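Now for the letters of each chain:
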Amino acid sequence: MSTAILTGQPVPGSSIEADLRALGFDVRPAADVGDAEAVLARVPSEERVAVVDARFVGHAHALRLGLTDPRFPLAAVPGAVTAQPAGRQALVRALARENTAGGGTALAVDSVADRVVAALHADGTAVHHPELGSLVAVVPADPQARNEARQAVAAVDDEAVRLKSAVKARDGFFTTFFISPYSRYLARWCARRGLTPNQVTTASLLTALIAAGCAATGTRGGFVAAGVLLIASFVLDCTDGQLARYSLQYSTLGAWLDATFDRAKEYAYYAGLALGAARGGGHDDVWALALGAMVLQTCRHVVDFSFNEANHDATANTSPTAALSDKLDSVGWTVWLRRMIVLPIGERWAMIAVLTAATTPRITFYVLLAGCAFAATYTTAGRVLRSVTRKARRTDRAAQALADLADNGPLGEGLARALRGPARKLPAVTAPAVALLGGLAVVACCALTGFGGLWPVAGALAYVLTSALALARPLKGALDWLVPPLFRAAEYATVLVLAARADVNGALPAAFGLVAAVAYHHYDTVYRIRGDAGAPPARLVRAIGGQEGRTLLVTVLAALLTAAQFKAALTVIAVLVAVVVLAESIRFWVAAHKGGAPAVHDEGEPA
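K.L.:
Describe the overall build of the chain, and please don't skip the residues or the numbers.
P.N.:
For the chain, the count of helices and strands is 25 helices and seven strands. For the chain, whose C-alpha radius of gyration is 28 Å, the value lies close to the compact-globule estimate of 25 Å for 607 residues. Principal-axis analysis of the C-alpha atoms gives the chain an extent of 85 × 65 × 45 Å. Relative to all contacts within the chain whose residues are 6 or more apart in sequence, the contacts with residues 24 or more apart total 80%. For the chain, the exposed area adds up to about 25200 Å²; of that, 64% sits on carbon and sulfur atoms. Averaging the locations of the 55 positively and 48 negatively charged side chains of the chain gives two centres separated by 6 Å.

Encoded structure:
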């Protein structure tokens, strides 16, 4: 329930009361600021409340943007201000100040709502002011200004503006030109029928899972159906975000579902392709390609996440490379070219869908691996260049975020504490250098020796040591953001290589399941950090061993068990990790949603 306190005398012909009721507000009149303060005191504390000037003239969507967005405790447009329960006390104080001052705030047009906003700013309270663009929101000073404002309202179709703003500002070429031109209308259709973004997100997941099932049949008809359904799933994936923006239905739970379901859909589809290849007369080795695609894609994302977290609040954050990038973005064709070559989700899924329908799973994975490898090289090289050419001072928050993303467990943490003193004397590039060397050591030992030997264990022990050394001091170096993706590559590649060396049917699918479960944990860590919720609890990281502990464990199991027993062990570990991680993740996000955590919404780079 929401309550709007309408201050002042309504103007003949005004639609403000009807607009507020259409937005779900119970409208209560107030003659002046003292009356508004009294009405506010009677509104239950768990309700959203708004103070709106009765003389307001503007588009209904301007009011919607200013008064109904769940992401901000306090928000305002000219003539209207709103507070969620978290911002209620600040609004109460501002009203009390204005009541005591007797309307003393100097404004061009005396408006209770605008005086309250001025008081909030004077208190240093953050108030969100949405970008209105061509939308109108004013409190006219006289009849002439009112007529001019009404003419301005009539000149702009706020529904067209609302539809346009439902599309993400930065999106890939395929999404922008082949999906969004019609998916926005699908989003409006869903909104008018009361569907929620979470329902559309779930429909997208189910469609992708059916597509994976079609691919798993191993038949040409199944592959064609899988490609068509994968595109349909992506249309729904775009629609859920557009529905959220169109109807301002943002939520903590929704953001988590949207992000995690994207990964679940893509990786389930990889598994479907691998199953289809095996049923179609292929070999289990296509699972290696599927796992390789998942490893590469996950590492690409971790590069993006780590770089962004490292520079989230860095000071003096400039570089010639960034300036060149901005210059290139000012030229139309380079913008789209650069967005396409990083192979965002739209281009990637379109490519996978077409290749699935027209070729074989093996060819699909070869092309996907080549495209993702090129994209990863391009983006990582650009970020490295930016890092070495910028003079930035990174904060303790950034260092902690990188340490959380690193996912070191008890072994690494204990050794890191012991090495903290000697590590202070090492060069600034030590962290990424030792992480790279340790990863190369364990993967090379697994790849270059026979299954069941002790060399992989020796390589894993060295990796545990380098993992600890990499985190022995705060990750504030220019290239320290490389540490988490290097850890991801080492752990995932170790599992992949050992499963391939086992050379027994079922080992690679088991490895796929284990990496998928661990990758979910790593994505969940990212989403918590991005939502300012902090990393998963330490007990969870300890329970699943940390990245260095899991790497050591799989090498020890490979040395002690037969190939068939190793396959079974990977399966058991995959199930245990998945159960523990999913249980904690679901508990956290549902509790955050019910507890009224601030709604989040990502408008960043396409995944």
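K.L.:
Report on the environment of Ser 180, specifying residues and quantitative values.
P.N.:
Relative to the assigned elements, Ser 180 resides in helix H8 (residues 173-192). You can call Ser 180 buried: its relative accessible area is 1%. C-alpha separation for the pair Ser 180 and Cys 214, spaced 34 residues apart in sequence, amounts to 26 Å. If near-sequence neighbours (up to four positions away) are discounted, Ser 180 is found in contact with Val 167, Thr 175 and Gln 242. Within the structure, Ser 180 has its side chain in polar contact with the side chain of Gln 242 (distance 3.2 Å).

K.L.:
Tell me about the nonpolar core, and name the residues and values.
P.N.:
By size, the foremost hydrophobic cluster in this structure holds 107 residues, and its most contacted members are Tyr 270, Phe 365 and Leu 514. Element by element, the count of residues in this core is highest for helix H22 (residues 507-530), at 15 residues. The residues contacting Phe 365, other than those within four sequence positions of it, are Tyr 270, Leu 273, Ala 274, Val 286, Leu 289, Ala 290 and Ala 293.

K.L.:
Give a detailed account of the pairing of strand S2 (residues 25-30), specifying residues and quantitative values.
P.N.:
Here strand S1 (residues 2-7) runs beside S2; their pairing, made up of six bridges, is parallel. Within S2, the position partnered with Thr 3 by the bridge is Asp 26. In this fold, S1 hands off to helix H1 (residues 16-22), which returns the chain to S2; that crossover is right-handed.

K.L.:
Please give an account of the sheet that holds strand S5 (residues 74-77) that cites residues and values.
P.N.:
Taken in spatial order, the five strands of this open sheet run S2-S1-S3-S6-S5, and their pairing is mixed. Pairing within the sheet leaves two strands with one partner each, and these edge strands are S2 and S5. Mean inter-strand twist for the sheet, computed between neighbouring axes without regard to direction, equals 20°. Contacting S2, strand S3 (48-53), S5 and strand S6 (80-83), helix H3 (residues 60-67) crosses the sheet at an angle of about 35° to S6. Here helix H5 (residues 112-122) sits on the sheet and contacts S1, S3, S5 and S6; the angle it forms with S6, its principal contact strand, is near 55°.

Calculation notes
- Residues numbered from 1 in each chain as written.
- Predicted model: local features only at pLDDT ≥ 70, side-chain atom pairs only at ≥ 80, totals over all residues.
- Heavy atoms only, no water.
- Helix = DSSP H or I, 4+ residues; strand = E, 2+ residues; numbered from the N terminus.
- Rg over C-alpha atoms; globule rule 2.2 N^0.38 Å.
- Contact = heavy atoms within 4.5 Å.
- Areas by Shrake-Rupley, 256 points an atom, 1.4 Å probe, with all protein chains shown as cover.
- Lys, Arg positive; Asp, Glu negative; His and termini not counted.
- Charge placed at Lys NZ, Arg CZ, Asp CG, Glu CD.
- Buried < 20%, exposed > 50% of the residue type's maximum accessible area, 1.4 Å probe, protein only.
- Polar contact = N/O pair within 3.5 Å; in protein donor to acceptor, adjacent residues only side chain to side chain.
- Core = buried A, V, L, I, M, F, W, Y, C linked by side-chain atoms within 4.5 Å.
- Pairing = 2+ DSSP bridges.
- Right-handed = clockwise from strand over helix to strand, strands pointing away.
- Axes fitted to C-alpha atoms, helices over the stretch in contact; angles between N-to-C directions.

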